[in-house]
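A structural walkthrough
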Amino acid sequence: MDKLPTIPKPPRVDPGGSIWRTLLLTVLGTTVSIILTFGTSQLLQQHRKAKDRKMTAMMVMGNIESYASELDNISAHLAWRDTLATVLMAIPTDSLDDSAYAEEIESVVMVFGLPSFTYDNTAEQIFSNSIETWKNMGNFRFISNVGECFSAMHSIQEDYMKYANGNMDLMSKISKHPDQYPGGSKNSKILLNPDLRVAMQTIHRRTNYYTYLAEYIRFLNAINMKLMDVTEEEVKQFVKRNDEEVDIDRLVPYQQNFMTPEINVQDIPDIKNWIHQHHF
């Protein structure tokens, strides 16, 4: 009788189960992969946010430095007007219509022809829009100090423009209603006006005042730089880069190049036909 073949014994089942081990490893691998992916994404996002905050901070501090530089310019504009005003104020009031002082008197309009003072508030708006992010990061000192800077900047600009526009408005009133003011000419009427004389006397004080304010604004900004661990040189370089002109293949447009001769009705002989042809 033929011998039956020996049937191999089935492999012993591992109590832990290789299937469970495989499943566990798969789950662990997936979990680690998710954690790594999520963690990397979070790190990248935090890095991007930190970069955005740094850029916003540089824009803010650069904007404040530019404002201080503008105050320096205002002070320089006032300085030479102070000299001119001093010369004009030294002329006796009873000689303001004397022909001997005619040339000096004509320059009075230059005393009050002050430059406009504006500044770009884009950085301020960007900072305001991201204020919650700064709060979440705990940068309360930076928020407070930047707020003090912007508040001071608004007050300074408002006061300056009130002074400049007020003088120009009064000069305009004198020009429109010359009979209501003493003096033989428009310029002598300006120099005889008590309010404008006071304004001329304050030019020297304002010249020094805006120099001081420029330094005060820079003092506040130095605190901002310290809080953000940024040097003054870095901020100035940032401002310089932003102020550099962009080289484009296009000429600067000047308004006079777009002026055309006024229309002469004689150049349109047949008005009815012209209206018919050009009717939209």
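Preceding this paragraph is the structure being described.
Here's what I pulled together on the structure shown here. Just so it is clear, the model here is predicted, and its values are computed rather than measured.

A closer look at the overall build of the chain
Scanning the chain for helices and strands turns up 11 helices and 0 strands. Listing every helix and strand of the chain by position from the N terminus yields α-α-α-α-α-α-α-α-α-α-α. Looking at the 280 residues of the chain, the share that counts as buried comes to 30%. Within the chain, contacts between residues separated by at least 24 positions form 79% of all contacts whose residues are at least 6 apart in sequence. Looking at the chain as shown, the accessible area adds up to about 20400 Å², and 57% of this sits on carbon and sulfur atoms.

With respect to the nonpolar core
Formed by 57 residues in total, the largest nonpolar core has its most connected members in L71, F112 and I217. Sort the elements by how many residues they give to this core and helix α6 (residues 140-176) lands first, with 15 residues. If sequence neighbours within four positions are ignored, I217 has contacts with I64, Y67, A68, L71, C149, A152, M153 and I156.

Observations concerning the environment of D72
Tracing the backbone shows D72 in helix α1 (residues 18-89). Residues D72 and E215, 143 residues apart in the sequence, show an inter-C-alpha distance of 9.1 Å. Non-local contacts of D72, meaning those with residues more than four positions away in its chain, are made with A214 and R218.

A look at the side chain of N193
You can see N193 is positioned in the loop between α7 (186-192) and α8 (194-201). Ignoring any residue separated from it by four or fewer positions in sequence, one finds N193 in contact with L170, I174 and Y181.

Some remarks on the layout of surface pockets
Its volume calculated, the largest pocket comes out at about 340 Å³. Taken together, 16 residues form the lining of the largest pocket, with G62, N63, S66, D120 and D243 sitting closest to its centre. At the level of secondary structure, the elements contributing two or more residues to the lining of the largest pocket comprise α1, α4 (122-129) and α10 (232-243). Counting residues per element, the lining of the largest pocket draws most heavily on α1, which supplies 7 residues. Each residue belonging to the lining of the largest pocket can be placed in one class, and the counts come to 6 nonpolar, 7 polar and 3 charged.

Things to note about the packing of α6 against helix α9 (residues 203-228)
Where α6 contacts α9, the axes come no closer than 10 Å and their chain directions differ by 165 degrees. One finds that α6 runs roughly antiparallel with respect to α9. Judged by the twist between their axes, the crossing of α6 over α9 is left-handed. Looking at the contact of α6 with α9 residue by residue, the class counts come to 18 nonpolar, 3 polar and 4 charged.

Things to note about a nonpolar patch on the surface
Together, V265, I271, W274 and I275 give the surface a local cluster of nonpolar side chains, amounting to about 370 Å² of exposed area. Take I271: it is sitting in helix α11 (residues 271-278).

How each quantity is defined
- Numbers given for residues are sequential positions, taken from 1 along each chain in its written order.
- Totals for whole chains, interfaces and linings use all residues, but because this is a predicted model, local features are given only for residues with pLDDT of at least 70 and pairs of side-chain atoms are given and counted only at 80 or more.
- Excluding hydrogens and water, the side-chain figures rest on all heavy atoms present in the structure.
- The helix count covers DSSP runs of H or I at least four residues long, the strand count covers runs of E at least two residues long, and both are numbered beginning at the N terminus.
- We call a residue buried when its accessible area falls under 20% of the maximum for its residue type, exposed when it is over 50%, and partly exposed in between, using a 1.4 Å probe and counting protein chains only.
- Two residues qualify as a contact provided that any one of their heavy atoms is within 4.5 Å of a heavy atom in the partner residue.
- What sets the accessible areas is the Shrake-Rupley method with a 1.4 Å probe; for residues, cover comes only from the shown protein chains.
- Among the buried residues, those of types Ala, Val, Leu, Ile, Met, Phe, Trp, Tyr and Cys that are joined through side-chain atoms within 4.5 Å form a nonpolar core.
- Here a cavity denotes grid points, spaced 1 Å and computed from the protein atoms alone, that fit a 1.4 Å probe unable to get out, and a pocket denotes an open set having protein on both sides within 12 Å along at least 5 of 7 lines; residues with an atom within 4 Å of a point are the lining.
- Grid points are joined across faces, edges and corners, and a volume is the space filled by probe spheres set on the points.
- Under the scheme applied here, ten amino acids are nonpolar (Ala, Val, Leu, Ile, Met, Phe, Trp, Tyr, Cys and Pro), four are charged (Asp, Glu, Lys and Arg), and all others, including Gly, are polar.
- All axes here are fitted lines through C-alpha atoms, helices being fitted over the stretch that makes contact, and every angle between N-to-C directions spans 0 to 180 degrees.
- Roughly parallel covers angles under 35 degrees, roughly antiparallel covers those over 145, roughly perpendicular covers 65 to 115, and oblique covers all other angles.
- It is the rotation of the near helix from the far one that decides the hand of a crossing: anticlockwise by less than a right angle makes it left-handed, clockwise makes it right-handed.
- Patch definition: residues with relative accessible area over 30% and no salt bridge; like charges joined within 9 Å; nonpolar side chains (Val, Leu, Ile, Met, Phe, Trp, Tyr) joined within 5 Å.
- Counted as salt bridges are all cases of a side-chain nitrogen of Lys or Arg within 4 Å of a carboxyl oxygen of Asp or Glu.

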